[in-house]
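Chain and residue survey
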Amino acid sequence: MNTGSDKHGEAVVAEDRTGTDEATVDRVLGSRAPEFIRARRALHLSWQVGVFIVGLAVVIAGAAMLVLPGPGWVVIFGGMAIWATEFVWAQLVLRWTKRKVTEAAQRALDPKVRRRNIILTSIGLVIVAALAGIYLWKFGLQMPWKIEDQ
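For clarity, every value in this text was computed on a predicted model and none was experimentally measured. (Residues numbered from 1 in each chain as written. Predicted model: local features only at pLDDT ≥ 70, side-chain atom pairs only at ≥ 80, totals over all residues. Heavy atoms only, no water.)

So, on to the overall build of the chain. Of regular secondary structure, the chain possesses six helices and two strands. Reading the secondary structure of the chain in the N-to-C direction produces β-β-α-α-α-α-α-α. The buried share of the chain, reckoned over its 150 residues, is 22%. Contacts spanning at least 24 positions in sequence make up 47% of the contacts within the chain whose residues lie at least 6 apart. Accessible surface, the chain: about 11400 Å² in total, of which carbon and sulfur atoms supply 67%. (Helix = DSSP H or I, 4+ residues; strand = E, 2+ residues; numbered from the N terminus. Buried < 20%, exposed > 50% of the residue type's maximum accessible area, 1.4 Å probe, protein only. Contact = heavy atoms within 4.5 Å. Areas by Shrake-Rupley, 256 points an atom, 1.4 Å probe, with all protein chains shown as cover.)

Below, the structure is given as C-alpha cells:
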C-alpha cells in the first residue's frame, strides 16, 4: 500500500524522488480513492484490484493497437493514468514519461535538430521516389499481386 498511518493515526505518504519541478512535487503521491474506501482495508484492497484490472485491460488493448489500427501508445498511457489513480509506481512512471516527452519536444525544436530531420526526411523521400520510379519503369502500373512470372 502506498499510504499508511503512524502511531498517532496521521497519514504517511510516500515521498516523490523523481526529480520533477517544484509545481509537481507539491502533489501528494498515493491513492486517490474516496476516504470512506481508504478507511476500510478490505474495501480498499478490492478497489485496488478493480483499478488494476481495468488499467490492465486498457493497457492490453493499447498493446494490441500497436499492431492493429488504433492509437496504441495513447491507450497504453491512458491505462497507466488509470493505474496512477491508485498506485505510486504508476504515478512515478507517468511523471518520468511526461518529463522525457517534454525534453524530447524541446530538443526537436532545436534548429540544428530540425535541419537534420528535414535533411533525413528529404533523403528518405528521394530514395522512396527512386524505388517507385524503378518499379514503374520495370512493371508499369500493375499491382504487385497481378504481376505474371517473367
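The discussion continues.
Counting eight residues, the largest nonpolar core consists of V51, V59, M80, W83, A84, F87, A90 and L94. If you list the elements that add at least two residues to this core, you get α3 (41-67), α4 (72-84) and α5 (88-108). The element contributing the most residues to this core is α4, with three residues. Aside from chain neighbours lying at most four places away, what touches A84 is R32, A90, Q91 and L94. (Core = buried A, V, L, I, M, F, W, Y, C linked by side-chain atoms within 4.5 Å.)

Summed over the entire model, instances satisfying the criterion amount to one salt bridge. Taking the shortest distance from any N to any O, the salt bridge between K100 and E103 comes out at 3.7 Å. Of this pair, K100 and E103 both sit in helix α5, three residues apart, which is roughly one turn of that helix. (Salt bridge = Lys/Arg side-chain N within 4 Å of Asp/Glu carboxyl O.)

Attention now moves to α3. An α-helix turns once per 3.6 residues; consequently, residues spaced three or four apart project the same way. Here α3 spans 40 Å end to end across 27 residues, near enough to the 39 Å set by a 1.5 Å rise per residue. Taken together, the buried positions of α3 are H44, Q48, V51, G55, V59 and G62. (Expected span 1.5 Å × (residues − 1).)

The next thing to look at is the packing of aromatic side chains. A complete count under the given rule lists five aromatic pairs for this structure. With 5.3 Å between their ring centres and 55° between their planes, W83 and W89 make a pair best called tilted. Through a chain of ring-to-ring contacts, three or more aromatic side chains come together here, namely F52, W83, F87 and W89. (Phe/Tyr/Trp six-rings, centres within 6.5 Å; stacked < 30°, edge-to-face > 60°.)

α5 packs onto α4 with a crossing angle of 135° between their chain directions and a minimal axis gap of 7 Å. Between α4 and α5, the angle falls in the class oblique. By crossing handedness, the relation of α4 to α5 is classed as left-handed. Here F77, M80, A81, W83 and A84 of α4 come into contact with α5, specifically with W89, A90, Q91, V93, L94 and T97. Across the contact of α4 with α5, the residue classes tally to nine nonpolar, two polar and no charged. (Axes fitted to C-alpha atoms, helices over the stretch in contact; angles between N-to-C directions. Parallel < 35°, antiparallel > 145°, perpendicular 65-115°, else oblique. Left-handed = near helix turned anticlockwise from the far one by under 90°. Nonpolar A, V, L, I, M, F, W, Y, C, P; charged D, E, K, R; others polar.)

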